[in-house]
Amino acid sequence: MKKALILLAATIALGTALQVYAGQDEFCAGFEEGFKSIKGDMVLVPLCPLAPLTPLGSTDYREGIKAGIRAAENQ
(Lines give C-alpha, C1' and ligand atoms only; values in the text may rest on other atoms or scores of the structure.)
Protein backbone atom coordinates (compact mmCIF):
# COMPACT_ATOMS: atom_id res chain seq x y z
CA MET A 1 0.00 0.00 0.00
CA LYS A 2 2.81 2.39 0.90
CA LYS A 3 4.59 1.71 -2.41
CA ALA A 4 1.38 2.36 -4.31
CA LEU A 5 0.95 5.76 -2.65
CA ILE A 6 4.55 6.69 -3.40
CA LEU A 7 4.13 5.62 -7.01
CA LEU A 8 0.89 7.61 -7.30
CA ALA A 9 2.52 10.73 -5.81
CA ALA A 10 5.51 10.38 -8.16
CA THR A 11 3.22 9.99 -11.16
CA ILE A 12 1.24 13.09 -10.22
CA ALA A 13 4.44 15.10 -9.66
CA LEU A 14 5.89 14.02 -12.99
CA GLY A 15 2.66 14.79 -14.83
CA THR A 16 2.50 18.24 -13.28
CA ALA A 17 6.13 18.97 -14.14
CA LEU A 18 5.62 17.91 -17.74
CA GLN A 19 2.53 20.10 -18.01
CA VAL A 20 4.42 23.13 -16.67
CA TYR A 21 7.40 22.71 -19.02
CA ALA A 22 5.22 21.93 -22.05
CA GLY A 23 4.04 25.53 -22.16
CA GLN A 24 7.53 26.98 -21.68
CA ASP A 25 8.41 26.68 -25.38
CA GLU A 26 5.25 28.51 -26.45
CA PHE A 27 5.80 31.13 -23.75
CA CYS A 28 9.37 31.76 -24.96
CA ALA A 29 8.22 32.06 -28.57
CA GLY A 30 5.64 34.65 -27.48
CA PHE A 31 8.23 36.43 -25.33
CA GLU A 32 10.55 36.80 -28.32
CA GLU A 33 7.69 38.04 -30.52
CA GLY A 34 6.55 40.58 -27.93
CA PHE A 35 10.07 41.85 -27.29
CA LYS A 36 10.80 42.27 -30.98
CA SER A 37 7.48 44.03 -31.58
CA ILE A 38 8.72 46.87 -29.37
CA LYS A 39 12.48 46.88 -29.97
CA GLY A 40 12.61 45.75 -33.62
CA ASP A 41 13.67 42.59 -35.43
CA MET A 42 17.43 43.19 -35.26
CA VAL A 43 17.66 43.25 -31.47
CA LEU A 44 19.28 40.69 -29.17
CA VAL A 45 16.44 39.18 -27.13
CA PRO A 46 17.23 38.55 -23.44
CA LEU A 47 16.83 35.13 -21.87
CA CYS A 48 13.26 34.02 -21.56
CA PRO A 49 11.97 34.00 -17.95
CA LEU A 50 10.08 31.07 -16.50
CA ALA A 51 6.48 30.98 -17.62
CA PRO A 52 3.97 31.95 -14.95
CA LEU A 53 0.69 30.14 -14.48
CA THR A 54 -1.53 30.85 -17.45
CA PRO A 55 -4.84 32.48 -16.51
CA LEU A 56 -8.09 31.01 -17.75
CA GLY A 57 -8.99 32.30 -21.19
CA SER A 58 -5.39 32.92 -22.21
CA THR A 59 -2.56 30.89 -23.75
CA ASP A 60 1.12 30.45 -22.93
CA TYR A 61 1.99 32.24 -26.18
CA ARG A 62 -0.21 35.24 -25.37
CA GLU A 63 1.24 35.51 -21.87
CA GLY A 64 4.73 35.35 -23.40
CA ILE A 65 3.91 38.22 -25.74
CA LYS A 66 2.73 40.34 -22.81
CA ALA A 67 5.88 39.50 -20.80
CA GLY A 68 8.11 40.33 -23.78
CA ILE A 69 6.44 43.70 -24.26
CA ARG A 70 6.85 44.52 -20.54
CA ALA A 71 10.53 43.50 -20.67
CA ALA A 72 11.16 45.65 -23.74
CA GLU A 73 9.46 48.68 -22.22
CA ASN A 74 11.47 48.35 -18.99
CA GLN A 75 14.80 48.08 -20.76
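Parameters at a glance
- Residues numbered from 1 in each chain as written.
- Predicted model: local features only at pLDDT ≥ 70, side-chain atom pairs only at ≥ 80, totals over all residues.
- Heavy atoms only, no water.
- Patch = residues over 30% accessible without salt bridge, like charges linked within 9 Å, V, L, I, M, F, W, Y side chains within 5 Å.
- Areas by Shrake-Rupley, 256 points an atom, 1.4 Å probe, with all protein chains shown as cover.
- Salt bridge = Lys/Arg side-chain N within 4 Å of Asp/Glu carboxyl O.
- Helix = DSSP H or I, 4+ residues; strand = E, 2+ residues; numbered from the N terminus.
- Buried < 20%, exposed > 50% of the residue type's maximum accessible area, 1.4 Å probe, protein only.
- Disulfide = S-S within 2.5 Å.
- Polar contact = N/O pair within 3.5 Å; in protein donor to acceptor, adjacent residues only side chain to side chain.
- Contact = heavy atoms within 4.5 Å.
- Phe/Tyr/Trp six-rings, centres within 6.5 Å; stacked < 30°, edge-to-face > 60°.

On the surface, Met1, Leu5, Leu8 and Ile12 cluster together to form a nonpolar patch covering roughly 480 Å² of accessible area. Relative to the elements of secondary structure, Met1 occurs in the segment before α1 (2-39). Assessed through its relative accessible area of 81%, Met1 is described here as exposed.

On to the state of the cysteines, then. Here the structure, examined in full by the defined rule, presents 1 disulfide. Each sulfur of the disulfide joining Cys28 and Cys48 lies 2.3 Å from the other. Where Cys28 bonds to Cys48 through sulfur, the torsion about that S-S bond is close to -95°, and the disulfide is left-handed. You can see Cys28 sitting in helix α1 and its partner Cys48 sitting in the loop between α1 and α2 (60-73), a full 20 residues away along the chain. Classification of Cys28 by relative accessible area gives partly exposed; the value is 23%.

Before going further, it helps to spend a moment on the side chain of Glu63. Looking at the secondary structure, you find Glu63 in helix α2. At 2.6 Å, the side chain of Glu63 forms a polar contact with the side chain of Ser58. Not counting residues within four places of it along the chain, the set of residues in contact with Glu63 comprises Phe27, Thr54, Pro55 and Ser58.

Looking at where Ser58 falls in the secondary structure, it is placed in the loop between α1 and α2. Its relative accessible area of 19% is what places Ser58 among the buried residues.

Attention now moves to the packing of aromatic side chains. When we look at a pair of aromatic rings, we describe it by the centre distance and by the angle of the planes. Within the structure shown, the criterion is met by 1 aromatic pair. Measuring from centroid to centroid gives 6.3 Å for Phe31 and Phe35, while their planes differ by 25°, and the two rings are stacked. Pair noted here: Phe31 and Phe35 are both in helix α1, with a separation of 4 residues, about one helical turn. Each member of the pair, Phe31 as well as Phe35, is classed as buried.

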